[in-house]
Amino acid sequence: MSKSLMVTGASKGIGAAAVERFFHTDNDVTDFILLARESQSFSDFLDKLSADNPHGKRVHPHFIDLADRARIVGLMKDVMSEHGKVDILLNNAGYTSPCAIQQVQFSDFERTIGVNLYAPFTIVQELLHSGNTFELIVNVASTAGMNGRPGWLTYSASKAALITMSEVMKDELAIYGTRVVCISPGRCATDLRKTLAPDEDPSTIMQPEHVAGVIEMLASDLGRFVDSRNLVVRM
Ligand SMILES: NC(=O)c1ccc[n+]([C@@H]2O[C@H](COP(=O)([O-])OP(=O)(O)OC[C@H]3O[C@@H](n4cnc5c(N)ncnc54)[C@H](OP(=O)(O)O)[C@@H]3O)[C@@H](O)[C@H]2O)c1
């Protein structure tokens with residue numbers, strides 16, 4: 001059976017690495033619905049996929065700012081009329097702008113919650129409203145959502161909420177046969193990590209491919225045996 005995979009934050013980092021894992025394997029994932037804002041890195045990544053597509057997979061990019069809830073609602077309707085279903089959903093996009101409590105701008109707090117929490121919620125709810133039953137939903141939280149870190153108030157709060165929201169999704173969607181797994185990566189060498197820890201040497205920490213490998217495993221037959229409310233992925 002041919003399956004569709006929707007990935008948010010597909011332009012780079014963990015999202016792009018996950019797409020590559022599924023894309024370059026001769027598996028049943030044939031349609032890739034990829035979401036990110038329009039950027040050079042997204043366009044370079046899409047070019048890379050079309051230049052090396054040995055299994056004839058189909059790529060459907062969508063440019064969207066996930067802080068814009070109304071646009072997500074519209075896009076999910078378009079996705080369902082175009083594809084009819086989303087089998088695997090990787091809610092991966094994440095945003096952070098670390099600063100001390102005194103410097104937190106409320107609008108930025110709202111944006112963080114918008115991208116990291118409301119967007120995955122809205123995507124899942126809208127697709128359910130359209131009659132979609134997922135095989136698997138993977139929500140990418142963070143170890144920062146398990147333990148708050150100084151300077152990361154908005155990010156930590158958004159990820160803590162995502163972990164808890166995933167628990168509810170897991171229980172409520174089980175009746176449809178949907179598996180919901182929340183993963184919490186630790187330090188991983190991406191642009192987002194650079195924002196959080198600018199002085200760190202990226203070669204000393206986990207790479208996006210490592211997290212992508214775990215995500216691929218979750219979608220495999222073996223993944224059915226992972227029963228975790230929050231799977232920690234770290235070195
Ligand atoms: N790296 C780590 O150490 C680490 C640890 C724990 C958890 N995580 C989580 O892993 C996930 C992936 O992040 P990453 O580390 O791979 O970072 P990354 O390379 O910076 O990628 C972040 C992705 O999120 C997308 N995104 C951010 N804001 C968006 C918005 N407003 N609208 C649409 N897309 C948006 C970006 O797309 P654009 O091209 O549109 O910017 C990009 O594709 C995030 O949820 C992050 O919180 C990362």
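Residues numbered from 1 in each chain as written. Predicted model: local features only at pLDDT ≥ 70, side-chain atom pairs only at ≥ 80, totals over all residues. Heavy atoms only, no water.

Caption draft 1: Highlighting the overall build of the protein chain. A count of helices and strands for the protein chain gives 7 helices and 7 strands. Along the chain direction, N to C, the helices and strands of the protein chain fall in the order β-α-β-α-β-α-β-α-β-α-β-α-α-β. Here the C-alpha atoms of the protein chain give a radius of gyration of 17 Å, agreeing with the 18 Å that 2.2 N^0.38 yields for 235 residues. In terms of its C-alpha atoms, the protein chain occupies a principal-axis envelope of roughly 50 × 35 × 35 Å. Every one of the 235 residues in the protein chain was classed for burial, and the buried ones make up 50%. In the protein chain, 74% of the contacts between residues at least 6 apart in sequence involve partners at least 24 apart. Element-wise, carbon and sulfur atoms account for 52% of the exposed surface of the protein chain, whose accessible area totals about 11000 Å². (Helix = DSSP H or I, 4+ residues; strand = E, 2+ residues; numbered from the N terminus. Rg over C-alpha atoms; globule rule 2.2 N^0.38 Å. Buried < 20%, exposed > 50% of the residue type's maximum accessible area, 1.4 Å probe, protein only. Contact = heavy atoms within 4.5 Å. Areas by Shrake-Rupley, 256 points an atom, 1.4 Å probe, with all protein chains shown as cover.)

Caption draft 2: Up close: the pairing of strand β3 (residues 58–63). Examined bridge by bridge, strand β2 (residues 29–36) and β3 share 6 bridges and lie parallel to one another. If you follow leucine 35 over to β3, its bridge partner there is histidine 62. (Pairing = 2+ DSSP bridges.)

Caption draft 3: Spatial organisation of the side chain of arginine 179. As for its position among the elements, arginine 179 is in strand β6 (residues 179–185). We note that arginine 179 is buried and unpaired, the nearest opposite charge coming from glutamate 135 at a distance of 4.5 Å. Look past the residues within four positions of arginine 179 in its chain and what remains in contact with it is Glu135, Leu136, Ile137, Leu218, Ala219, Ser220, Gly223 and Arg224. (Lys, Arg positive; Asp, Glu negative; His and termini not counted. Salt bridge = Lys/Arg side-chain N within 4 Å of Asp/Glu carboxyl O.)

Caption draft 4: Summary view of the nonpolar core. Counting residues in each nonpolar core, the largest one holds 33 residues, and the members touching the most others are Val19, Phe32, Leu34, Ile183, Val211 and Ile215. Contributions of two or more residues to this core are made by β1 (3–8), α1 (13–23), β2, α2 (40–51), β4 (88–91), β5 (136–140), β6 and α7 (208–219). Among the elements that make up this core, the one with the highest residue count is α1 (7 residues). Residues contacting leucine 34, with those up to four places away along its chain left out, are Val7, Ala10, Val19, Phe42, Phe45, Leu46, Leu49, Val59, His60, Pro61 and His62. Core analysis: the second largest hydrophobic core is formed by 29 residues, Ile64, Val79, Leu89 and Ile123 among them. (Core = buried A, V, L, I, M, F, W, Y, C linked by side-chain atoms within 4.5 Å.)

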